[in-house]
Protein chains: 2
Amino acid sequence: MSLVAASFQASSESAIDPACRLGEAPLHETVAERGVLRCTLALRHAGVRDVAIRWELCGPAHAPLLIVAGGISATRHVAANEADASEGWWQSQASFLRRHRVLAIDWLCDGDGLDAPIDSADQADAIAAVLDALHLSKARAFVGASYGAMVGLQFAARHPRRLESLVAISGAHRPHPWASALRSVQRKIVELGELQCDDGHGLALARQLAMLSYRTPKEFAERFNAPVSLEGERAVCPAESYLEACGQRALTRFDATAYRRLSESIDLHRVEPEAVCVPLSVIAIDSDQLVPREDLAELSVRAPDAWLQVIASRYGHDAFLKETAAIAAALTAALDA
Amino acid sequence: MSLVAASFQASSESAIDPACRLGEAPLHETVAERGVLRCTLALRHAGVRDVAIRWELCGPAHAPLLIVAGGISATRHVAANEADASEGWWQSQASFLRRHRVLAIDWLCDGDGLDAPIDSADQADAIAAVLDALHLSKARAFVGASYGAMVGLQFAARHPRRLESLVAISGAHRPHPWASALRSVQRKIVELGELQCDDGHGLALARQLAMLSYRTPKEFAERFNAPVSLEGERAVCPAESYLEACGQRALTRFDATAYRRLSESIDLHRVEPEAVCVPLSVIAIDSDQLVPREDLAELSVRAPDAWLQVIASRYGHDAFLKETAAIAAALTAALDA
């Protein structure tokens, strides 16, 4: 446990409804609270650092607590709630989430001023620090998807008494070497943009490439089957405007530093499956190019208490965001197991 | 037929052995000749242009003539010969090729000063112009791999009386939409480098990305399974030095214009399989990410006289360069069929 010191601050953005503050009984069935925990963490690669961990806690106090974590573009805002009516990154699972109390954080290095190599273990420790500060001793489950699943595996290995079970969707005990190589190219695109003093250009282009790995050739063949056209003297593929829109959207979400550091963090991740001793439910997508089902099968076999569900999808790695019904069913099965 | 005018010039680099010049009986079993054909072609997108087509013809005059064409990085130098002892791009098939007379060209737009949208149909017409100039009426077969297979399909559709059969390895009647999108990102990386006035930087990085699509996750998992390391403050993936070497090698092969135009040409390619009326032998690689076997199966089904062989390989799209024995066997079967 790398938590050196923690001081809980109810920030100005903290409680929406004073009656719903920590330690008091909720007035409503669903309540939401936000805050920033300023504390000191011993980071795996970057040493002891003061950090500011932005968290959001949503749902009635008596509901089973879930720690929820998504991909590198996910935030603490998982779904719309009383504190923030805007859609969350996992809005598609709002029905499932509504039956729980949900805790989530913004990733370390994501717009918090930290620019250092960050490990999935650091993110896990940050979540543990928030649990401490909120006096939440144990979660019913950690539900992680993509990078969030990697963080969940670290959390289970480092803080096994803080959770009853782990659900890992499309995230394994190590990055796949081909996927790591693809992310290294993405980071070099960001760096090429930085050289150009045009961070946004590089970042948007890196995100376009990332999208090609989040989805599948099959989906592209169905959506973008028109012939390539010539515009002036330049060939334009039918998927280009979609990819460019994805790239532009990333600019509203990330700065170049956050993107590079979180991308790097996926590649630095490595945990021994044997060290994940809580009951583990692994969910794999058959078409995932980044996290092949073979790697998730290996995780399931090597972890002491694990089982594997495989979902068929055309959406590849992004299926956790797109296959609403299948993911909800798999989550329910995982938590009922 | 878009050949407007052709004039054959035996350039200074043409015949190595005067006795082996066109129309004379060869002294040796294997002879080789090079030249540059300057002619005018009506290009599909770029209009009527004067072009310089660099060709190489190798093998005894009585041997069956093969037109051989490879990927966008292939050249007219297919294998080592008396004219040029350096290894060719298909040196691995030298044993198979030795039994034939082999004609190949350098692609239009590849270092010939042409900077315009180029179509696979233009390359096919360039090859037909060379056949005319060399008074070669008909080839035993056109053997094309990757982009060369696309050009072969165009050649068969446009010049069916110039060949007895076509062998298309890992190249289909259209680019796959996902692969086109990936190439569009590569071209944008090249453009980002050009903005930076550092063409080599962008080109090398684009080539790194291309390599990830030429090979497979399976091969990367076997070769680059070591953990990602931190060098200073930066994560370095085990595949990075390999990819960087591939990128640097591309700089000795391409300039940015050639790379962009030939990449674009793959995406502009489209031919109706029904228009390919010569006997067609299609060779697919089961692990090819760029040209999925499903697309080659569709080509085989729709073309009037076609059959399909599928090769299992860990090398994906690059299998035509790497699976020496399996490709040789498939080529022999195709030509014997």
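From a predicted model like this one, the values you see are computed outputs, not experimental measurements.

> For this particular structure, what's the right way to read the overall build of chain A?
Regarding its fold elements, chain A presents eleven helices and eleven strands. A compact globule built from 337 residues should have a C-alpha radius of gyration of about 20 Å, and chain A, at 20 Å, falls within 12% of that. Along the longest, intermediate and shortest principal axes, the C-alpha atoms of chain A span 65 × 45 × 40 Å. Counted over contacts in chain A with a minimum sequence separation of 6, partners at least 24 positions apart contribute 73%. Accessible area for chain A stands at about 12,000 Å²; split by element, carbon and sulfur atoms hold 50% of it. Placing the 33 positive and 43 negative side-chain charges of chain A at their respective mean positions leaves the two points 2 Å apart.

> Help me understand the relation of the copies chain B and chain A in this model?
A rotation about an axis combined with a shift along that same axis relates the two copies of the chain. Rotating chain B by 180 degrees and moving it 0.0 Å along the rotation axis overlays it on chain A with an RMSD of 0.0 Å. Here the symmetry operator amounts to a two-fold rotation axis. By C-alpha distance to the rotation axis, the residue of chain B lying nearest is B:Gln196, at 2.7 Å. Same-surface contact between copies: 100% of interface residues of chain B are shared with the interface of chain A.

> Sorry, what's going on with the pairing of strand S3 (residues 47-58) of chain A here?
All names here are of chain A. Sheet topology places strand S2 (residues 32-43) next to S3; twelve bridges connect them, and they run antiparallel. Bridged to Val-36 within S3 is Arg-54. Here S2 folds back onto S3, and the loop between the two strands holds three residues. Bridge count for S3 against strand S5 (residues 101-105) is four bridges, and the pairing is antiparallel. Looking across to S5, one finds that Leu-57 is bridged to Leu-103.

> For this particular structure, what's the right way to read the domain arrangement of chain A?
Accessible area lost on assembly of the parts is the figure often given for the size of an interface. All names here are of chain A. Assigned domains within chain A: domain 1 (2-174 + 270-336) and domain 2 (177-267). The gap between the C-alpha centroids of domain 1 and domain 2 is 26 Å. If you look at the interface, domain 1 gives 29 residues, while domain 2 gives 27 residues. In this structure, the salt-bridge partner of Glu-222 is Arg-314, at a minimum N-O distance of 2.7 Å. Applying the counting rule to domain 1 against domain 2 returns 13 residue pairs in polar contact (both at pLDDT 80 or more). Elements with a contribution of two residues or more to the side of domain 1 that touches domain 2: helix H2 (120-133) and helix H3 (147-158).

> Is there a simple way to explain the interface of chain B and chain A in this structure?
Contacts between the two partners involve 53 residues from chain B and, on the opposite side, 53 residues from chain A. Note on chain B versus chain A: buried area summed over both sides is about 4,400 Å², and carbon and sulfur give 65% of it. It is B:Trp178, B:Lys188 and B:Leu192 that lose the most area in chain B upon contact with chain A, and together they represent 16% of the buried surface on that side. Here chain B is connected to chain A by eight salt bridges. Note that A:Arg261 and B:Glu233 form a salt bridge whose closest N and O atoms lie 3.1 Å from each other. Counting every contact that joins chain B to chain A gives 15 residue pairs in polar contact (both at pLDDT 80 or more). Of all the secondary-structure elements, those providing two or more residues to the side of chain B that touches chain A are helix H4 (177-195), helix H5 (199-214), helix H6 (217-223), strand S8 (229-231), strand S9 (234-236), helix H7 (240-251) and helix H8 (256-268) of chain B. For the side of chain B that touches chain A, the leading source of residues is H4(B), giving 14 residues. A per-class count over the side of chain B that touches chain A returns 26 nonpolar, 13 polar and 14 charged.

> Hey, could you run me through the nonpolar core in this one?
Generally speaking, soluble globular proteins have nonpolar side chains that are buried together. Core analysis: the largest hydrophobic core is formed by 166 residues, its most contacted members being A:Ile53 and B:Ile53. Among all residues touching A:Ile53, those that are not within four sequence positions of it are A:Gly35, A:Val36, A:Leu37, A:Cys39, A:Leu41, A:Ile105, A:Leu108, A:Ala126, A:Ala129 and A:Val130.

> Would you mind showing me how to read the packing of aromatic side chains here?
We describe a pair of aromatic rings using the distance from one ring centre to the other and the angle between the two ring planes. Residues and elements named next belong to chain A. Summed over the entire model, instances satisfying the criterion amount to 14 aromatic pairs over all chains. Ring centres of Phe-142 and Phe-155 lie 5.5 Å apart, and the angle between their planes is 45 degrees; on these two criteria the pair is classed as tilted. Of the two residues, Phe-142 sits in strand S6 (residues 141-145) while Phe-155 sits in helix H3, which places them 13 residues apart along the sequence. In textbook terms, an aromatic cluster arises when at least three aromatic residues are bridged by ring pairs, as seen for Phe-220, Phe-224 and Tyr-242.

> Even after reading the chapter, I still don't get the environment of A:Val271, so can you show me in this structure?
Residues and elements named next belong to chain A. Note that Val-271 resides in the loop between helix H8 (256-268) and strand S10 (280-285). Measuring from C-alpha to C-alpha, the distance between Val-271 and Tyr-147 comes to 13 Å, with 124 residues separating the pair along the chain. Residue contacts for Val-271: discarding those within four places in its chain leaves Leu-153, Gln-154, Ala-157 and His-173.

> Help me understand the side chain of A:Thr216, please; the structure alone is not making it clear to me.
The topology assignment puts A:Thr216 in the loop between helix H5 (199-214) and helix H6 (217-223). Taking relative accessible area as the criterion, A:Thr216 reaches 4% and is therefore assigned buried. A distance of 3.1 Å separates a polar side-chain atom of A:Thr216 from the backbone nitrogen of A:Glu219. There is a polar contact of 2.5 Å between the side chain of A:Thr216 and the backbone oxygen of A:Arg314. Each residue touching A:Thr216, except ones within four places of it in the same chain, is listed here: A:Ser287, A:Gln289, A:Arg314, A:Tyr315, A:Gly316 and B:Trp178.

> Where do I start with the pattern of salt bridges in this structure?
If the charged atoms of two oppositely charged side chains come close together, the side chains can form a pair. Residues and elements named next belong to chain A. One pass over the full model with this rule turns up 54 salt bridges over all chains. For Asp-106, the salt bridge goes to Arg-76, with nearest N and O atoms at 3.8 Å. Of this pair, Asp-106 sits in the loop between S5 and H2 while Arg-76 sits in the loop between strand S4 (65-69) and helix H1 (94-97); the two residues are 30 residues apart in sequence, bridging distant segments of the chain. With respect to burial, Asp-106 and Arg-76 carry one shared label: buried.

> Just checking my understanding: could you explain the pairing of strand S6 (residues 141-145) of chain B for this structure?
Consecutive residues of a regular strand have side chains that alternate between opposite faces of the sheet. Residue and element names in this part refer to chain B. Counted residue by residue, S6 has five buried out of five residues, so it is predominantly covered. Judged by which residues are buried, S6 turns out to be covered on both faces: Ala-141, Val-143 and Ala-145 on one side and Phe-142 and Gly-144 on the other are all buried. Relative to strand S7 (residues 166-169), S6 is paired through four bridges, and the arrangement is parallel. Within the sheet, the bridge partner assigned to Gly-144 lies in S7 and is Ala-168. In this fold, S6 hands off to helix H3 (residues 147-158), which returns the chain to S7; that crossover is right-handed.

> Sorry if this is basic, but what is going on with H3(A) here?
Side chains of residues three or four places apart in an α-helix project in the same direction, reflecting 3.6 residues per turn. Residues and elements named next belong to chain A. Compared with an ideal rise of 1.5 Å per residue, which puts twelve residues at 16 Å, H3 spans 17 Å between its outermost C-alpha atoms and is within 8% of the ideal. Extensive coverage of H3 is indicated by the burial of ten of its twelve residues. Burial in H3 covers these residues: Tyr-147, Gly-148, Ala-149, Met-150, Val-151, Gly-152, Leu-153, Gln-154, Phe-155 and Ala-156.

> Looking at this model, I keep getting lost on the packing of H5(B) against H7(B). Mind explaining?
Helix-helix packing: each pair is described by the crossing angle between the helix axes and the interaxial distance. Residue and element names in this part refer to chain B. Closest axis-to-axis distance for the H5/H7 pair is 8 Å, and the angle between their directions is 125 degrees. Regarding the angle of H5 to H7, the classification is oblique. Note that H5 runs across H7; the crossing there is right-handed. Across the interface between the two elements, Gly-200, Leu-203, Ala-204, Arg-207, Gln-208, Met-211 and Leu-212 from H5 touch Tyr-242, Leu-243, Glu-244, Cys-246, Gly-247, Gln-248, Ala-250 and Leu-251 from H7. When its residues are assigned to classes, the contact of H5 with H7 shows nine nonpolar, four polar and two charged.

Conventions adopted
- Residues numbered from 1 in each chain as written.
- Chains lettered and ligands numbered in written order.
- Predicted model: local features only at pLDDT ≥ 70, side-chain atom pairs only at ≥ 80, totals over all residues.
- Heavy atoms only, no water.
- Helix = DSSP H or I, 4+ residues; strand = E, 2+ residues; numbered from the N terminus.
- Rg over C-alpha atoms; globule rule 2.2 N^0.38 Å.
- Contact = heavy atoms within 4.5 Å.
- Areas by Shrake-Rupley, 256 points an atom, 1.4 Å probe, with all protein chains shown as cover.
- Lys, Arg positive; Asp, Glu negative; His and termini not counted.
- Charge placed at Lys NZ, Arg CZ, Asp CG, Glu CD.
- Least-squares fit on C-alpha atoms with pLDDT ≥ 70 in both.
- Pairing = 2+ DSSP bridges.
- Domains from an automatic or database assignment.
- Salt bridge = Lys/Arg side-chain N within 4 Å of Asp/Glu carboxyl O.
- Polar contact = N/O pair within 3.5 Å; in protein donor to acceptor, adjacent residues only side chain to side chain.
- Buried area = accessible area lost by both parts, 1.4 Å probe.
- Nonpolar A, V, L, I, M, F, W, Y, C, P; charged D, E, K, R; others polar.
- Core = buried A, V, L, I, M, F, W, Y, C linked by side-chain atoms within 4.5 Å.
- Buried < 20%, exposed > 50% of the residue type's maximum accessible area, 1.4 Å probe, protein only.
- Phe/Tyr/Trp six-rings, centres within 6.5 Å; stacked < 30°, edge-to-face > 60°.
- Right-handed = clockwise from strand over helix to strand, strands pointing away.
- Expected span 1.5 Å × (residues − 1).
- Axes fitted to C-alpha atoms, helices over the stretch in contact; angles between N-to-C directions.
- Parallel < 35°, antiparallel > 145°, perpendicular 65-115°, else oblique.
- Left-handed = near helix turned anticlockwise from the far one by under 90°.

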